[in-house]
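In case you want the letters, here they are:
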Amino acid sequence: MLSVVNADGSTPNGSLMDEIVREGARRMLAAALEAEVNAYIAEVAEERDESGRRLVVRNGYHQPRKVTTAAGSVEVKAPRVNDKRVDEANGERRRFSSAILPPWCRKSPKVSEVLPLLYLHGLSSGDFVPALEQFLGSSAGLSPATVTRLTVQWQADHTAFQDRDLSATDYVYVWADGVHLRIRLEEAKAAVLVLMGVRADGTKELIAMSDGYRESSEAWAGLLRDCARRGMRAPVLAVGDGALGFWNALSEVFPMTRHQRCWVHKTADCLDALPKSAQPAAKRAIQEIYKAEDKEHAARAVAAFAKQYGAKYPKVVRRIADDEDELLAFFDYPAEHWIHLRTTNPIESTFATVRLRTRVTKGAGSRAAALAMVFKLIESAQARWRAVNAPHLVALVRAGARFERGQLVERPEGRAA
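Residues numbered from 1 in each chain as written. Predicted model: local features only at pLDDT ≥ 70, side-chain atom pairs only at ≥ 80, totals over all residues. Heavy atoms only, no water.

- With an unreviewed UniProt entry as reference, the protein is termed Mutator family transposase, source organism Streptomyces flaveus.
- UniProt annotates the protein under Function (unreviewed entry) with the comment "Required for the transposition of the insertion element."
- In its Sequence similarities (unreviewed entry) section, UniProt records this for the protein: "Belongs to the transposase mutator family." (UniProt positions renumbered as here; feature names shortened; annotations may be inferred.)

**Brief notes about the layout of surface pockets**
Stage number 1. Estimates place the volume of the largest pocket at around 420 Å³.
Stage number 2. Along its surface, the largest pocket is lined by 23 residues, and His62, Pro79, Arg80, Phe96 and Pro103 are the ones closest to its centre.
Stage number 3. If one sorts the elements of the lining of the largest pocket by residue count, strand E6 (residues 79-83) sits on top with five residues.
Stage number 4. Residues belonging to the lining of the largest pocket are distributed by class as follows: nine nonpolar, six polar and eight charged. (1 Å grid on protein atoms, 1.4 Å probe; cavity = no way out; pocket = protein on both sides within 12 Å on 5 of 7 lines; lining within 4 Å. Points joined across faces, edges and corners; volume = space filled by probe spheres on them. Helix = DSSP H or I, 4+ residues; strand = E, 2+ residues; numbered from the N terminus. Nonpolar A, V, L, I, M, F, W, Y, C, P; charged D, E, K, R; others polar.)

**Considerations on the environment of Thr343**
Stage number 1. Relative to the helices and strands, Thr343 resides in the loop between helix H12 (338-341) and helix H13 (345-358).
Stage number 2. Along the primary structure Thr343 and Trp263 are separated by 80 residues, whereas in three dimensions their C-alpha atoms are 5.4 Å apart.
Stage number 3. Setting aside its immediate chain neighbours within four residues, Thr343 contacts Trp175, Val239, Cys262, Trp263 and Val264. (Contact = heavy atoms within 4.5 Å.)

**A look at unusual backbone geometry**
Stage number 1. Even without a glycine there, the phi angle at Ala390 is positive, about 45°.
Stage number 2. Along the chain, Ala390 falls in the loop between helix H14 (367-382) and helix H15 (392-399).
Stage number 3. Since its relative accessible area comes to 17%, Ala390 is described here as buried. (Buried < 20%, exposed > 50% of the residue type's maximum accessible area, 1.4 Å probe, protein only.)

**What to know about helix H10 (residues 314-321)**
Stage number 1. Within H10 the residues assigned to the buried category are Val316, Val317 and Ile320. The buried residues of H10 occupy an angular sector of 100° when the element is viewed end-on, so they sit on one face.
Stage number 2. Contact partners of the buried residues in H10: helix H7 (263-272), helix H8 (279-290), helix H9 (295-309) and helix H11 (324-327). (Arc of directions from axis to C-beta.)

**Focus on H15**
Stage number 1. What H15 keeps buried is the set Leu393, Val394, Leu396, Val397 and Arg398.
Stage number 2. Of the residues one or two after H15, Gly400 is the one with positive phi, at around 100°.

Okay, structure coming up:
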């Protein structure tokens, strides 16, 4: 494709480099679509009618359409397939649908992913076209009306997510945290209540997300009761910070679930009560507890911490001693899972990026829209979450297997026998 290049290397549609990237993206997409259609036809090449003619053949191309991608806006002509086969189940003609470029697709998932980021960052829907046109080479599919329709769809997606049935999914471990984002929520004290879990196959998943005032017991109880109503089974272990609202609600809704306090929050809580000169040594002493070889060594480290700091800082020592059972609960589970269970980092790390995007957002806005934006960000991030270490052991934890010093000592079937 020829383009007029100015003296500064620019073209009517941007820089020459951008033009080359877009042309490369167009050719690669066209080649992928051709390969997909060829593979589809080759798979059913032996199926023929009574006259011996193939039932599935090429049929030219669809009308060209522009698709907005991370490389810019590219024009694509998708191959057309003539499929004469009839579906025996419903009696209708079968249709080929591209998995790469569905008929309705006008923008790549990555472009759709960036829109809630920009919205949360304070960009209004009317600013999307001028903001993105220079980067994407076209404003196709990014008009204010399109963005408004997307926000409505995101709210519908969040509502459907909050109403889905949970009875078919078993969450063995859960993390809970209240995240304060300042994202156009109606109440200044509002927080986003987040519940994440580990399924029996070891994968992590967002369970529920809603807003709650001051992380109160009522707000958390409402979220947990709703999960129970939709079929959620009581998890084996819940990990959270020191906020009493969640623990009170958990004891009410899922009384059999064990508690594990987050060591990151506990460490920060203790260090805040110490002078700066004492903080480095105290931090190392606290790390000796939760990084201990096993529960017995951790208990000794708690005693050593109490002996070292009890005389001068008894309140700090009580912050650990009073919660010792809940701080050391993770030692009763597989050693491979300890790194996941002793903190709420799975939630914190996920929302770190969200916080960066929402820090400057100001002004009143729809509560539902704000929560929907956060939900879409987490939904996109969830695809990149990795499973817990030794995922095969999660099912054994649910089955009641016993672990000592992080090692399996009793299988459920052996105990039943």
